[in-house]
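Structural characterization, general
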Amino acid sequence: MTYQKKDLPSSISKIGMALLAFGLVFGVVAFFVDHSRAVFNYLIAFTFMISIGVGALFLIALEYIVGADWSVPIRRVVEFFAAIIPLLAILVIPLLFNMGELFHWSHAEAVADDKILQGKAPYLNVPFFIIRVFVLIGLWSLFYFFFIRNSKKQDSSKDQKLTTINIRLSAAFIPIFAITISVSAIDWLMSVEPHWFSTIFGVYFFSGTVIAALAAVTLATVLLKEHGYLHPAMTNDHLFSLGALLFAFVNFWGYIAFSQYMLIWYADLPEETFWFMQKWEGSWAIFSIGLIIIQFLVPYIVLVSQPAKMDPKKLKFISVWLLFAHFFDLFWLVMPEMEQLSGGYSFSWIDLVFPIAAVGIIILVFNMKAKKENLIPIGDPKLHRGLDFHL
Amino acid sequence: MSTDYSVEASVVAGRLSLAEIEELIAKPLDTKPDKKFFIALTISGSAVLIGATCLLITFLFGIGMWGNNQPVGWALDIVNFVFWIGIGHAGTLISAILFLLRQRWRTGIARFAEAMTIFAVMCAGIFPIIHTGRPWLAGYLLPYPNQHNLWINFTSPLIWDVFAVSVYFTVSLIFWYTGLIPDLAILRDRTSSKIKKTIYSIFSLGWRHSSRHWVHYEKAYVILAGFATPLVLSVHTIVSFDFAVSIMPGWHTTIFPPYFVAGAIFSGFAMVVTVLVFVRKIFDLQNIITVNHLEKMNKVILATSMMVGYAYGMEFFISWYSGVQVEQFVFINRMFGPYIWAYWIMVSCNVLFPQLFWFRKIRRSIPAMMIIVLLVNVGMWFERFVIVVTSLHRDFLPSSWGMYAPTLYDAGILLGSFGLFFTLVILFTKALPVVSISEIKAVADGARPTHHRGEHHD
Amino acid sequence: MTNKKIFGVTALFNDPNAIIAAASKVDSAGFSKWDVNSPYPIHGINKAMKMKPSKLGIITLIFGLSGTVLALILMWWTMSIDYPMVIGGKPYFSLPAFIPVTFEVTVIMATVSTVIAMFAFFFGLPRNTHALHDTDYMKKVSRDHYGIVIEAIDPKFDERTTLEFLKSLKPISTEIIYYPEKEEYPMFEPRFLGFLFGIAVVVSLGTYLMLNKLMYIEPFDWMDNQAKIIPQTGSEFFADGRGMRLPVDGTVARGFILYPFEGQTNPTEVLSNPNFPTKENLELGQRKYLTYCSPCHGNFGDGDSRLAGQFPNPPTLHSERARNFQDGMIYHIITVGQNVMPSYASQVTREQRWAIVNYVRALQRAKNASDSDLKFVKAK
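Because the structure is predicted, anything quoted here is derived from the model rather than measured.

This next bit is on the overall build of chain C. Each helix and strand in chain C was counted, giving 12 helices and 4 strands. Computed over its C-alpha atoms, the radius of gyration of chain C comes to 50 Å, more than 25% above the 21 Å expected for a compact globule of 380 residues. Each principal axis of the C-alpha distribution contributes one length, and for chain C these read about 145 × 60 × 35 Å. A total of 380 residues make up chain C; the buried ones form 25% of that total.

See below:
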């Protein structure tokens, strides 16, 4: 059995374009109709893109550093998702022009009145924030560039030294990833409520990020495999590890979310509890309960059995579900802080626009890369063993 | 020195046959203990006696013999408890988590690490019981029905500890024993001594190596590993809750659960490396516990060292970011206050020295790794000391501030716990196979059938 | 050898590929009561033997979930129903705080049940009497060989043909396994009796020592002997060796209020009457007066009681002197006594004394009514 590169059907790019166009048009309308709401939703979609892109890069580094073989045949799929990273530098710009909507601390008058915000000003100020944003995106892009270049070169050269280089890059990347993803979480998500703080917040965002990246990879892998775009020697056994990792990280998310909540609930300190209390106002309470059910209970029950972890149908379903769940998580983190929604959630069509645009962008990027590259790393020395893998 | 990634590395070096593996691992059980064994046992046994004496004095005269005071109500008792529970975590991680991740290199070290877990949890369990002051009433910690309708406080993290540590001990014991059964059967079938045969027959439950049993056995092993994994994470999480549910600055911080778990794995692996370096030399197991095994463990130590460093950094940053004055003070006090020496021992041993493991040569050098892992053990003990003592000795009210110093009895009991741990380890090496014979046989070269699953790749 | 019962026939191999191939052939040949023995689980043997996946997980699920439910019920009942206490300002049923214990109980129930179910019910172990034990086959298979055993109870089994079939698989060796001779264990063997006797001695001695000796030794005596003083015991702490002590001088009984004019016959000051002569108060005063005062003073305070003559008569309460007494003086006389009249402080409470005072005043007014009083009464 050999791998033959097949081009993805043109319908994929058409869907991507349609979603993006829809998102662009209605996004612009939304900016004018309800500026604040549009900006908040843009933020959510943007952090979702960080999750998918940087999360995918993390998965690549993880594979190299632990020496996994089962994931080698699908590493390209992961790389295509990581391709979003360079785009982040452009996507972030509208947000940087609307920081006032999102961040209280960016208003000089608010800070002048508030001793606590004054204390945080050395970190939470606009210039430093912008520098951090671009340093982070720059770092991520740098690593992305080198990982991908080596992987692509290996397709033709089959040089094992490139794997060694990538392993060293991974070792360097992972601690940098830990710090940068935490800084992202604090900057974009935690500082929306600048009076609140939680040391585990970076880990919380990390857990959601990995689930989202894994879900995207799983969905793409199952779909591509079903339609014969990947190596024909791949079996459902290869899918098992994806299912197992999804299950493990769903548990991890539950553990982190519970820890964060329970410790703040138990100590009952008003300077911490108010953040959760805000998410219990009116209909937000339903969202909070819903988060546990959507992000933990349902995926747990669906993925707990061994056969379920390798069942393509269940994996497709739960991947889509978990991608939605990550959006839901980000939404829950940020939206209750919006002034007009502080008493409870009320639906607006704007909430649907930006996720659709984000999905469109991801599909388009994926499609673009799939046109230019092989869908499996044909030059990787571990490809053989990876395809041989079975439970 | 370039690696060939297309070939899977051998787990067992030296192309040992199944029979050779069996002989190698079972040898200590067939031979009488030698002088070195008795010397080692005497040293560790003396430490146990010193500890037992200090304990006896504590029982007779009360907790006043320790250095605990106001405001430092919790000191070495809790530090030692958390330290030992942390050490235990490596065993379950190697056994259960590496099993679920299908890392075959765990087979050489899993049995030993599991035994270390059980011994470490035994040492750990001593401390919560003795620090209550009236340890003979320890039964009060369990929910038994009584005439006063008194129940334990299920919402207290100290009670969560009772449940977590008991369950952890029980499950680790079951997991370890289940893994031992095939080995006990092997020992039963190769021994010529009648007494040993009887003992092995009883404890192997009559295992017949039947494939119809192996299929359920493997499933049970997966289930046990699948439960042991969240269990081990939950145990140190619950231990961290002892501190994190309070309102004390320096204790109440949401990152404690994963931070403690990472720290536990970190200290546990350091202890495993410490002991294994000796064991592989003494029992000639260099082909089964290879330098590759040690190198992989050192990589885990490096990774967890960075996780611990991340937690230190995040705690420090958020304490500033929070703007809460008492929080900010606690961290400045830790770094520059009267316990400055403890803090910097902690940071250098936990974050700085392990960074040497970035270098392959150091990862694979026995003397270098011994120094580093010993420093890690010291550093992790000091981490618990810093967390407990510095947060307590200066909290909200300056008029309540005080200092703490351990007494001779504190130190004696700590020494005794090390003595107990090493005594059990030494006895274990002569009583049971330190490596899982059946698991190693399963990963030896040529143990797997080389069937072809149709034609595939190129 | 006597005609022993045959258990089955075995074949040994020393290569994993060979055993897999052989196992497939045995399965294709239609045998059902057969097995493969190996020192470790062979990769792919399950498929070759067409074994169904283990159902052990169901036990885990059932017992694990039961653990969850039981833990939650226990905590709910003890903390919310049986002895609810407000702890840390949290509600009686605090799910976040119940999660850790619930999780731990789930894990212990799931794991213990799985292992016990597997060994006791799925395997029927412990069992050291199986025919394969102590055979050369078992020794080889424990060490570095792989074996097939086909049992005699299999419907397709025949000693000769089955053995030939096994030989056709090209094993290293074959062996016929017989059931071991049944060992007789006579009941009254001296060593066994001695063993039982020994156990009986140890258990009874142990129980006796525990219950009659250990339970009385501190600290195992459940606080039977405590370092506190109980009534009627001695104490070395005090010089006179007594445990019971008198109260310190000036000790006052609970609820006691010192009467400031105790012992004075003609007090310069008296207390003032705190009670209004309401209807209830006067009725109380009347009842108490009739009970305690009338035997000597008579029903209307004239001093003409039924004890007149047998007892020194008290002076009339309607004298000029008595009518000029302050209320507190009358109270004083009731409290400390006067001449022959004893103190009535122990019979009549302070409340009641004041009520009597009001009643006496009412009597005095009745016996010396003013014109307006009479007019008031006549009008009614």
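The subject of this paragraph is the interface of chain C and chain B. Across the boundary between the two partners, chain C contributes 62 residues, which contact 55 residues of chain B. Listed by contribution, the elements that provide at least two residues to the side of chain C that touches chain B are α1 (16-28), β2 (34-37), α2 (45-48), α3 (56-82), α4 (95-123) and α5 (136-143) of chain C. Here the element with the most residues in the side of chain C that touches chain B is α4(C); it accounts for 17 residues. For the side of chain C that touches chain B, the per-class residue count stands at 37 nonpolar, 17 polar and 8 charged.

Right, let's get into the nonpolar core. Ranked by internal contacts, the top residues of the largest apolar core, which has 287 residues, are Leu57(A), Phe81(A), Ala213(A), Val217(A), Leu246(A) and Val272(B). Here this core takes 19 residues from helix α2 (residues 35-66) of chain A, the largest share from any one element. Every residue in contact with Phe81(A), bar those within four places of it in the chain, is listed here: Ile52(A), Gly53(A), Ala56(A), Ala213(A), Ala216(A), Val217(A) and Phe366(A). Grouped together as the second largest cluster of nonpolar side chains are 25 residues, Ile42(C), Ala48(C), Val149(C) and Leu166(C) included.

On to the interface of chain B and chain A, then. Listed per partner, the contact involves 32 residues of chain B and 36 residues of chain A. Every element with two or more residues in the side of chain B that touches chain A is listed here: α7 (211-244), α8 (256-282) and α9 (291-322) of chain B. Top contributing element to the side of chain B that touches chain A by residue count: α9(B), with 7 residues. Of the residues belonging to the side of chain B that touches chain A, the class tally is 15 nonpolar, 11 polar and 6 charged.

This next bit is on the packing of helix α4 (residues 110-130) of chain B against helix α14 (residues 408-431) of chain B. Residue and element names in this part refer to chain B. Between α4 and α14, the least distance of the axes is 9 Å, while the angle of their chain directions is 150 degrees. Taken together, α4 and α14 sit at an angle that is classed as roughly antiparallel. Taken as a pair, α4 and α14 cross one another with a handedness that is right-handed. Across from Ala115, Met116, Phe119, Ala120, Cys123 and Ile126 in α4, the residues of α14 making contact are Ser417, Leu420, Phe421, Leu424, Val425 and Phe428.

With that settled, consider unusual backbone geometry. The amide bond that connects Gln70(B) to the next residue, Pro71(B), takes the cis arrangement and shows omega of 10 degrees. Checked against the element boundaries, Pro71(B) lands in the loop between α2 (35-61) and α3 (76-100). Along the chain, Leu125(C) connects to Pro126(C) via a cis peptide bond; the corresponding omega equals 5 degrees. One can find Pro126(C) in the loop between α4 and α5. Notably, Lys158(A) is not glycine yet its phi reads approximately 55 degrees, a positive angle. Among the structural elements, Lys158(A) can be located in the loop between α9 (126-157) and α10 (160-189). For Lys158(A), a count of 14 C-beta atoms within 10 Å corresponds to the partly exposed category.

Each strand in a sheet pairs with its neighbour through backbone hydrogen bonds, running either in the same direction (parallel) or in the opposite one (antiparallel). Residue and element names in this part refer to chain C. A sheet is described by the order of its strands in space; here 4 strands give the open sequence β2-β3-β1-β4, paired in antiparallel fashion. Every other strand in the sheet has two partners, leaving β2 and β4 (173-178) as the edge strands with one partner each. When the angles between neighbouring strand axes are averaged without regard to direction, this sheet yields 20 degrees. Bridge count between β2 and strand β3 (residues 146-151): 4 bridges; the pairing is antiparallel. Paired with Asn37 across the bridge in β3 is Gly147. In the packing of α1 onto the sheet, contacts are made with β1 (6-13), β2 and β3, and the angle to β3 comes to roughly 20 degrees.

Calculation criteria
- Residues numbered from 1 in each chain as written.
- Chains lettered and ligands numbered in written order.
- Predicted model: local features only at pLDDT ≥ 70, side-chain atom pairs only at ≥ 80, totals over all residues.
- Helix = DSSP H or I, 4+ residues; strand = E, 2+ residues; numbered from the N terminus.
- Rg over C-alpha atoms; globule rule 2.2 N^0.38 Å.
- Buried ≥ 20, exposed ≤ 12 C-beta atoms within 10 Å, placed from the backbone.
- Contact = placed C-beta atoms within 7 Å.
- Nonpolar A, V, L, I, M, F, W, Y, C, P; charged D, E, K, R; others polar.
- Core = buried A, V, L, I, M, F, W, Y, C linked by C-beta atoms within 7 Å.
- Axes fitted to C-alpha atoms, helices over the stretch in contact; angles between N-to-C directions.
- Parallel < 35°, antiparallel > 145°, perpendicular 65-115°, else oblique.
- Left-handed = near helix turned anticlockwise from the far one by under 90°.
- Pairing = 2+ DSSP bridges.

Everything listed is a geometric property; what it means functionally is a separate question.
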